[in-house]
Amino acid sequence: HGYPMTFQEIQYPIDLVNYGPPRTPGLHLSNILRAMAIHTKVFKDTDDLDILIPNIDPLAVGKSGPLMRCIMGFAWENWMAANVLKQARFHPGEFFLDGIIGTPDCLEEDEKWLTLHEIKWTFKSSSPPFSHHLMWLYQGACYMKMVSHAYRTPISECRLIYHPCYVKGNYR
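The model shown is predicted, which means the values in this text are computed figures rather than measured ones.

1. Regarding the sheet that holds strand E6 (residues 114-122)
Link 1 in the chain: One open sheet accounts for four strands, arranged E2-E5-E6-E7; its pairing is mixed. The sheet terminates laterally at strand E2 (89-90) and strand E7 (158-166), the two strands that pair on one side only.
Link 2 in the chain: Relative to E6, strand E5 (residues 106-109) runs antiparallel, the two being bridged by four bridges. Paired with Glu108 across the bridge in E6 is Thr115.

Here it is as structure tokens:
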């Protein structure tokens, strides 16, 4: 009965350089928030995706922790957009305010609200109050201001909904 079992690792190239809509060169809100998070020690690693993504061999992406977290975040965004937020515009484009560029995940308009949807895939614990996720709150507030300005809609007629996936649940 002894057929020898063999295993073979197959690596698939993952090209992150061309994922999503192109980004306009300039100061992006994500760069500002990242610098704040590193300075305040909210982020433990300092791997800059803007440097990692264009400089990595697509066959090596699967061995990079920061890039794999990035890919899982992209996958969660795509799944949410296709299955939950079907009425929203996924990756609605870039919004500009005061020389800063912002790219919200989804935008939805109806007769009452202009709704921003921010999709998060994270290793953070879900146990602390949501108000402890300061970088998310700063990002959301900035996007709200940018979008309300672009649409000439008062902030009181805008709302922001977060859709987090806490990969590790509510560990303490």
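2. Digging into the pattern of salt bridges
Link 1 in the chain: Applying the stated criterion across every chain yields a total of two salt bridges.
Link 2 in the chain: Residue Arg89 is joined to Glu109 by a salt bridge in which the shortest nitrogen-to-oxygen separation is 3.6 Å. Within this pair, whereas Arg89 is found in strand E2, its partner Glu109 is found in strand E5, the two being separated by 20 residues in sequence.
Link 3 in the chain: Under the relative-accessibility criterion, Glu109 is labelled exposed at 51%.
Link 4 in the chain: Of the charged contacts in the structure, one is a salt bridge between Glu118 and Lys120, with a shortest N-O distance of 3.7 Å. Across the pair, Lys120 and Glu118 agree in class, each one buried.

3. Things to note about the pairing of E7
Link 1 in the chain: Pairing geometry for E6 and E7, over nine bridges, is parallel. What sits directly across from Thr122, in E7, is Tyr166.
Link 2 in the chain: Handedness of the E6-helix H4 (residues 134-151)-E7 crossover: right-handed.

4. Focus: the side chain of Thr115
Link 1 in the chain: If you trace the backbone, Thr115 turns up in strand E6.
Link 2 in the chain: A distance of 2.8 Å separates the side chain of Thr115 from the side chain of Arg159, its partner in a polar contact.
Link 3 in the chain: Those residues in contact with Thr115 that sit more than four places away from it in its chain are Cys106, Leu107, Glu108, Arg159 and Ile161.

5. Notes on the environment of Ser126
Link 1 in the chain: With respect to the secondary-structure elements, Ser126 resides in the loop between E6 and H4.
Link 2 in the chain: Taking relative accessible area as the criterion, Ser126 reaches 29% and is therefore assigned partly exposed.
Link 3 in the chain: Put simply, Ser126 and Cys165 are 39 residues apart on the chain and 8.9 Å apart in space, counted from C-alpha to C-alpha.

6. Digging into the pairing of E5
Link 1 in the chain: Pairing of E2 with E5 involves two bridges; the strand directions are antiparallel. Note on E5: the bridge partner recorded for Arg89 is Leu107.
Link 2 in the chain: Counted along the chain from E5 to the antiparallel partner E6, the turn is four residues long.

7. So, the packing of helix H1 (residues 29-39) against H4
Link 1 in the chain: Here H1 crosses H4 at 155°, and the two axes come no closer than 11 Å. Classified by the angle their axes make, H1 and H4 are roughly antiparallel. Our pair here, H1 against H4, has a crossing hand that is right-handed. Every residue of H4 that contacts H1 at Leu29, Leu33, Met36 and Ala37 is listed here: Met135, Tyr138, Gln139, Cys142 and Tyr143.

8. Side note on the state of the cysteines
Link 1 in the chain: A full pass over the atoms with the stated rule returns zero disulfides.
Link 2 in the chain: In this structure Cys70 is a free cysteine whose sulfur lies 15 Å from that of Cys165, the closest cysteine sulfur available.
Link 3 in the chain: You can call Cys70 buried: its relative accessible area is 12%.

9. Describing the sheet that holds strand E4 (residues 100-102)
Link 1 in the chain: In space, the three strands of this open sheet follow the order E1-E4-E3, with mixed pairing throughout. The open sheet is flanked by strand E1 (27-28) and strand E3 (95-97), the only strands paired with a single partner.
Link 2 in the chain: Two strands pair when backbone bridges link them, and E3 and E4 are joined in this way by three bridges, in the antiparallel orientation. Bridge pairing in E4 places Phe95 opposite Gly102.
Link 3 in the chain: Across the sheet, H4 lies against E3 and E4, angled at about 95° from E3, the strand it touches most.

Cut-off values and rules
- Residues numbered from 1 in each chain as written.
- Predicted model: local features only at pLDDT ≥ 70, side-chain atom pairs only at ≥ 80, totals over all residues.
- Heavy atoms only, no water.
- Pairing = 2+ DSSP bridges.
- Helix = DSSP H or I, 4+ residues; strand = E, 2+ residues; numbered from the N terminus.
- Salt bridge = Lys/Arg side-chain N within 4 Å of Asp/Glu carboxyl O.
- Buried < 20%, exposed > 50% of the residue type's maximum accessible area, 1.4 Å probe, protein only.
- Right-handed = clockwise from strand over helix to strand, strands pointing away.
- Polar contact = N/O pair within 3.5 Å; in protein donor to acceptor, adjacent residues only side chain to side chain.
- Contact = heavy atoms within 4.5 Å.
- Axes fitted to C-alpha atoms, helices over the stretch in contact; angles between N-to-C directions.
- Parallel < 35°, antiparallel > 145°, perpendicular 65-115°, else oblique.
- Left-handed = near helix turned anticlockwise from the far one by under 90°.
- Disulfide = S-S within 2.5 Å.

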